Amino acid sequence: QVQLVESGGGLVQPGGSLRLSCAASENIFSIDAMRWFRQVPGKEREWVAVIAKSGDLNYADSVKGRFTISRDNAKNTVYLQMNSLKPEDTAVYYCNAEQRGRFYWGQGTQVTVSS
C-alpha cells in the first residue's frame, strides 16, 4: 500500500506562487502514475495534472501554462509548482498514486489564494 504525504500549502496573494510536495512511501518507479487533484467544498474533486512512470506529463486546461508537475526520483517525491495563482485556484490539493490498478490518496493540503 502506497502512503502519500503532501506539504507546501498555504495562503498566497493573487499572482503569487507555491510549490506543493507529495512524498511517496515506495520507490516512485513502482508507481504507474502520480496525479494532483483539487477540491472545493460542495464540488467534485477535479483532476489537475499527471506525471506517468514514462515521464509523460499532462495538465487540465485551467492550469496549463501556470502549473508544472515534476518529480525527484531520489526522494520519491512529486511536486506541483503553481505560478500566477488565481483566487479560483483556492482548494484542498490532493496527491494520488496509481499502482497496478489501485489508487491511493494523501491527506490533502489547503491552498488559499486571496489578497
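Located above this text is the structure these notes cover.
Residues numbered from 1 in each chain as written. Predicted model: local features only at pLDDT ≥ 70, side-chain atom pairs only at ≥ 80, totals over all residues. Heavy atoms only, no water.

## Considering the side chain of threonine 77
- If you trace the backbone, threonine 77 turns up in strand E8 (residues 77–82).
- The class of threonine 77 is buried, set by a relative accessible area of 8%.
- Reaching out from threonine 77, the side chain makes a polar contact with the backbone oxygen of lysine 75 at a distance of 2.8 Å.
- Not counting residues up to four positions away in its chain, the partners in contact with threonine 77 are Ser21, Cys22, Ala23, Ile28, Ser70, Arg71 and Asp72. (Helix = DSSP H or I, 4+ residues; strand = E, 2+ residues; numbered from the N terminus. Buried < 20%, exposed > 50% of the residue type's maximum accessible area, 1.4 Å probe, protein only. Polar contact = N/O pair within 3.5 Å; in protein donor to acceptor, adjacent residues only side chain to side chain. Contact = heavy atoms within 4.5 Å.)

## Regarding the environment of isoleucine 28
- Relative to the helices and strands, isoleucine 28 is located in the loop between strand E3 (18–24) and strand E4 (33–39).
- Overall, isoleucine 28 belongs to the buried group, its relative accessible area being 4%.
- For the pair isoleucine 28 and aspartate 72, spaced 44 residues apart in sequence, the C-alpha separation works out to 8.8 Å.
- In this view, isoleucine 28 contacts Arg71, Asn73, Asn76, Thr77 and Val78; residues no more than four positions away in its chain are not counted.

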